[in-house]
Amino acid sequence: MKPAPIFKLALISALCMFLLACSTPAAPPVQMFDLGQAGSGDTTAIPTAGSRLPAISLADISISPSLDSNYMLYRLQYENSQQTRSYAQHRWSMTPAQLLAQRFKMRFAAAGGVIVSAMDGAASLPVLKIDLDDFSQQFSSANSSVARISVRASVFKGRNLVAQQSFVQQLDAGADAPSGARAMAAASDALIQSMTLWLQGLPLN
């Protein structure tokens, strides 16, 4: 008894799909990046001799909706500076706000400061609020880019604004995501150093 035509067509279709699946290469795995670990000999964000860092409480970092994910963002300034793109096979291990907060706490504590989250902070501690506006790799050409971070930092004592300062840091990066991640880590450390020195000079103690 011969198989029915519909059965033949289904069998041929299934065979074709199997052969197609076997011939199509698997997509490369997504690579995850963070800001790395600080070396013991790294002096970034260490205050000057004789100075003392304040004890502060760090509020959750505020971000724009475009930064509320772990996508690694970039812009092709030479094509369209208003369009944000993301790498397909590369991601941050956390959101940029979480990465920057983790890095700031580590650096500030390593420099001799006392820092706690706003949720756990004592009512008497000044509160540092950070608004993260940019955390992206920006290409001026196909082979030239910079890692750029832009924040606005505000310090409050109770309801009173003590000081506010904008910080922008950008460093040369390569032409791909891994080199951009390395440059972003260095830019984060340089930005945190500037913020630490600024906090050091405020009348917070």
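Residues numbered from 1 in each chain as written. Predicted model: local features only at pLDDT ≥ 70, side-chain atom pairs only at ≥ 80, totals over all residues. Heavy atoms only, no water.

Enquirer: Before we move on, could you go through helix H3 (residues 177-200) and cite the residues and values that matter?
Expert: Its 24 residues give H3 an end-to-end C-alpha distance of 34 Å, which sits within 8% of 34 Å, the value for a rise of 1.5 Å per residue. With respect to burial, H3 is a largely interior element, 18 of its 24 residues being buried. (Helix = DSSP H or I, 4+ residues; strand = E, 2+ residues; numbered from the N terminus. Expected span 1.5 Å × (residues − 1). Buried < 20%, exposed > 50% of the residue type's maximum accessible area, 1.4 Å probe, protein only.)

Enquirer: Mind laying out the environment of Arg182, listing which residues take part and the relevant values?
Expert: In this fold, Arg182 is placed in helix H3. Here Arg182 falls in the exposed class, since its relative accessible area comes to 58%. Residues Arg182 and Asp34 lie 148 residues apart in sequence; the distance between their C-alpha atoms is 9.0 Å.

Enquirer: Could you give me a rundown of the packing of aromatic side chains, with the residues and numbers involved?
Expert: The description of two aromatic rings rests on the distance between their centres and on the angle between their planes. This model, assessed by the stated rule, comprises five aromatic pairs. Measuring from centroid to centroid gives 5.9 Å for Tyr74 and Phe139, while their planes differ by 80°, and the two rings are edge-to-face. Of the two residues, Tyr74 is situated in strand E4 (residues 71-76) and Phe139 in strand E7 (residues 127-141); the sequence distance between them amounts to 65 residues. Classification of Tyr74 as buried rests on a relative accessible area of 17%. Between Trp92 and Phe135 the ring centres are 5.6 Å apart and the planes differ by 70°, which places this aromatic pair in the edge-to-face class. With Trp92 in strand E5 (residues 85-92) and Phe135 in strand E7, this pair connects stretches of sequence that are 43 residues apart. Trp92 sits in the buried class, given a relative accessible area of 2%. By relative accessible area, which is 1% here, Phe135 ends up buried. Put simply, the rings of Tyr74, Tyr87 and Phe139 touch in pairs and so form one group of aromatic residues. (Phe/Tyr/Trp six-rings, centres within 6.5 Å; stacked < 30°, edge-to-face > 60°.)

Enquirer: Describe empty space enclosed by the protein, listing the residues and the values that go with them.
Expert: A complete count under the given rule lists one cavity of 30 Å³ or more for this structure. There is about 50 Å³ of room inside the largest cavity. Looking at side-chain class alone, the lining of the largest cavity contains seven nonpolar, three polar and no charged residues. (1 Å grid on protein atoms, 1.4 Å probe; cavity = no way out; pocket = protein on both sides within 12 Å on 5 of 7 lines; lining within 4 Å. Points joined across faces, edges and corners; volume = space filled by probe spheres on them. Nonpolar A, V, L, I, M, F, W, Y, C, P; charged D, E, K, R; others polar.)

Enquirer: Provide a residue-level description of the nonpolar core, including the pertinent values.
Expert: Ranked by size, the top nonpolar core spans 47 residues in total, and within it Trp92, Phe104, Leu128, Val151, Met195, Trp198 and Leu199 carry the most contacts. Element by element, the count of residues in this core is highest for H3, at 11 residues. Dropping the residues within four chain positions of it, Leu199 is found in contact with Pro54, Ile56, Phe104, Phe108, Leu128, Val155 and Leu204. (Core = buried A, V, L, I, M, F, W, Y, C linked by side-chain atoms within 4.5 Å. Contact = heavy atoms within 4.5 Å.)

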